[in-house]
Amino acid sequence: MPDALPQDITRLLRLWNAGNAEALDGLTPLVYRELHHLAVRYMGRERPDHTLQATGLVNEVFVRLIDWQKVEWQNRSHFFGVSAQVMRRILVDYARSRLYAKRGGNARPVSLDDVPLPLDNNLTDILAVDMALSRLAALNPRTAQVVELRYFGGLSVEETAEVLKVSTITVIRNWNFAKVWLLRELYGEQKA
Amino acid sequence: MNPDRMQRIESLYGETLALPDGERKAFLDRACGDDRELKQELESLLAYQEQAESYMDRPAFHQVAQSLADGTGVLVDRMLGRYQLLSLVGRGGTASVYCAVDTRLNRLVAVKVLPAFIASDRERIERFENEARAVAVLNHPHICTLHDIGNEGEMYYLVFEYLVGEPLSDRLSRGALPLSDTLDYATQIVGALAYAHDQGIIHLDLKPSNIMLMRNTLKLFDFGIAELRYPDAPASPSVAAAGTPGYMSPEQMESKETDFRTDVFALGVVMYEMITGRFAFPSRGSLEAAVLNLKECPPPISKYQPDVPHEVEVLISRCLARNPSERWQSMSEVQGQLRCCKSGL
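Residues numbered from 1 in each chain as written. Chains lettered and ligands numbered in written order. Predicted model: local features only at pLDDT ≥ 70, side-chain atom pairs only at ≥ 80, totals over all residues.

Details of the overall build of chain A
Next up, step 1: Looking only at helices and strands, chain A has eight helices and zero strands in total.
Next up, step 2: For chain A, the α and β elements follow one another from N to C terminus as α-α-α-α-α-α-α-α.
Next up, step 3: The buried share among the 192 residues of chain A stands at 38%.
Next up, step 4: The contacts of chain A with a sequence gap of at least 6 include a subset with a gap of at least 24, amounting to 70%. (Helix = DSSP H or I, 4+ residues; strand = E, 2+ residues; numbered from the N terminus. Buried ≥ 20, exposed ≤ 12 C-beta atoms within 10 Å, placed from the backbone. Contact = placed C-beta atoms within 7 Å.)

Here it is, written out as structure tokens:
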């Protein structure tokens, strides 16, 4: 696949936001490719314990993918919101397909690209959070939105505050409450 | 539950959290009044607060990327070189182990697949290949034979003799061993180590899960290959020396030079565990804890096994000396002491 231009991504995001479901098909491979880039970086240097402080960086996929120059300033926060939704859709689909992939019957050589993942806690967690988050949204939409933006969209506290037009303190409180609530929702039965 | 109630819970939760630990209970009593359900709800949420601090600290995207990076994956039914992987038999923090069939020689083998990310580091690959070549020389009845190494693209793997049996760690989870078995197993382990040391190869990660009990015999595996000990670490010499916290010698933890006496120490830890059914260093959950507890001494064996023969205590405590120069200086010294122990039975 030829390298997608940032303006294409921006256009696809716009289309998707305008209700064009097919735009997601165009976005998905781009996100997957970014996933592989990042995975390769993890393979090398980064260790799980000292990575990625939430330092006001948007999820790097969209930093790299979106032509921010072309996005008008007023629309910036709207785009953050849209990209978080897109990421959620794509990542959840991805996790689901990896976890439920059927094994091919015929033996064939492997390459990194087509290695299915093991039953992976990270991936099951993504699916579980997605489902629990829908329940949370019914009770407390804004708190759920904070999770969507932070966890699926990769936004920092400040960016989340900007999108939701609330203070950073509020975002921190919502975020903290959501994590506790989700944890209990997901692991509560085992603990009881 | 309705949204208003949820709002109230969330804001009360925030207020409670802002208070010091000691004041929370009184605050909840006051704020909830006789709404016991509300209070229970808040208390049950508070129980997750500590866990929540680090929860979701990485966005989903990074979790997926990391899964990809870690993913040696479930390769069942696939071919790696001439090996067809039949089933996943183990998965440590290190490598995934598959039972596989060598399609050329038509025999069962164990294939260890290393995490894909080592392929991105030329130096690590070289070190891995050098170590594997050294280990492949070992040919001993109590050492699991390394048959082959290879790679399929970025996937590096080792092919070992397939062992049918029970890891010593599984056996020990059911409790201590009789003294005679301990001495018998120790004799075989020491025999294997003495042979390897003569070939210039140190195990460096001897522990019960690397010892397979088979019918009438046992075999050591994962000899001397750093990637099998700690493959997720950067290739720095200090981490290359690392093993498993509970079984690591002080010199390994302090990243000092290791030699065959490092295996003497680990042997002591394993024997201690066989006789007492307990870890010699129970507080060493992690490398950090192990380093903090560097000065820690295991309780005397006689505390758990009052009738342990004196020779056996001497054997083990001398293995466990912190200073390598105070340990047994060779496996043949250990063999001598083992003979003393056995003759006393």
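Section: the pairing of strand β4 (residues 107-113) of chain B
A regular strand places its side chains on the two faces of the sheet in alternate fashion.
Residues and elements named next belong to chain B.
Next up, step 1: Of all seven residues in β4, five are buried, a share of seventy percent or more.
Next up, step 2: As paired elements, strand β3 (residues 96-102) and β4 share seven bridges and run antiparallel to each other. Bridge pairing in β4 links V97 to K112.
Next up, step 3: Here β3 folds back onto β4 in antiparallel fashion, the turn holding four residues, of which N106 has a positive phi close to 55°. (Pairing = 2+ DSSP bridges.)

Description of unusual backbone geometry
Next up, step 1: Unusually for a residue other than glycine, A:K165 sits at a positive phi of about 55°.
Next up, step 2: Assignment of secondary structure puts A:K165 in the loop between α7 (157-164) and α8 (168-191).
Next up, step 3: Classification of A:K165 as exposed rests on a count of 7 C-beta atoms within 10 Å.
Next up, step 4: Its identity as a non-glycine residue notwithstanding, B:N106 has a phi of 55°, on the positive side.
Next up, step 5: Among the structural elements, B:N106 can be located in the loop between β3 and β4.

Re the sheet that holds strand β9 (residues 217-220) of chain B
Strand pairs in the sheet, formed through backbone hydrogen bonds, run parallel or antiparallel to each other.
Residues and elements named next belong to chain B.
Next up, step 1: Reading across the sheet, the three strands line up as β7-β8-β9 and stay open at both edges, with antiparallel pairing between neighbours. Edge positions in the sheet fall to β7 (166-167) and β9, since each of these pairs with one other strand and no more.
Next up, step 2: Relative to strand β8 (residues 211-214), β7 is paired through two bridges, and the arrangement is antiparallel. Within the sheet, the bridge partner assigned to E166 lies in β8 and is L213.
Next up, step 3: Across the sheet, helix α8 (residues 179-198) touches β8 and β9, and the angle it forms with β9 is around 40°. (Axes fitted to C-alpha atoms, helices over the stretch in contact; angles between N-to-C directions.)

Quick look at the environment of A:A23
All names here are of chain A.
Next up, step 1: In this structure, A23 sits in helix α2 (residues 23-44).
Next up, step 2: Owing to 19 C-beta atoms within 10 Å, A23 belongs among the partly exposed residues under this scheme.
Next up, step 3: Taking the C-alpha atoms as reference points, A23 and L13, separated by 10 residues in sequence, lie 7.1 Å from one another.

A short note on the pairing of β9(B)
Residue and element names in this part refer to chain B.
Next up, step 1: Where β8 lies against β9, four bridges are found, and the strand directions are antiparallel. Bridge assignment links M214 to a residue of β9, and that residue is T217.
Next up, step 2: Between the end of β8 and the start of β9, which pair antiparallel, lie two residues, with N216 showing a positive phi angle near 65°.

Side note on the packing of helix α6 (residues 141-152) of chain A against α7(A)
Residue and element names in this part refer to chain A.
Next up, step 1: At their nearest, the axes of α6 and α7 sit 10 Å apart, and the two run at 130° to each other. With respect to α7, the axis of α6 lies oblique. The way α6 lies across α7 gives a crossing that is right-handed. Residues R142, Q145, V146, L149 and R150 of α6 touch α7, and the partners they reach there are T160, V163 and L164. (Parallel < 35°, antiparallel > 145°, perpendicular 65-115°, else oblique. Left-handed = near helix turned anticlockwise from the far one by under 90°.)

Considering the packing of helix α1 (residues 3-18) of chain B against helix α3 (residues 36-46) of chain B
All names here are of chain B.
Next up, step 1: For the pair α1 and α3, the least separation of the axes is 10 Å and the interaxial angle reads 55°. Considering their axes alone, α1 and α3 lie oblique with respect to each other. The handedness of the crossing between α1 and α3 is right-handed. Contact residues: α1 offers I9, L12, Y13 and T16, while α3 offers E41, L42, L45 and L46.
Next up, step 2: Class assignment for the residues of the contact of α1 with α3 results in six nonpolar, one polar and one charged. (Nonpolar A, V, L, I, M, F, W, Y, C, P; charged D, E, K, R; others polar.)

Concerning the confidence of the model for chain A
The predicted structure's coordinates, where accompanied by low pLDDT, should not be read in detail.
Next up, step 1: Scored by pLDDT, chain A has a mean of 69; 58% of the residues are at 70 or more.
Next up, step 2: The low-confidence segment residues 44-58 of chain A, where pLDDT is below 50, has 19 contacts with residues more than four positions distant or belonging to other chains. (pLDDT = per-residue confidence, 0-100.)

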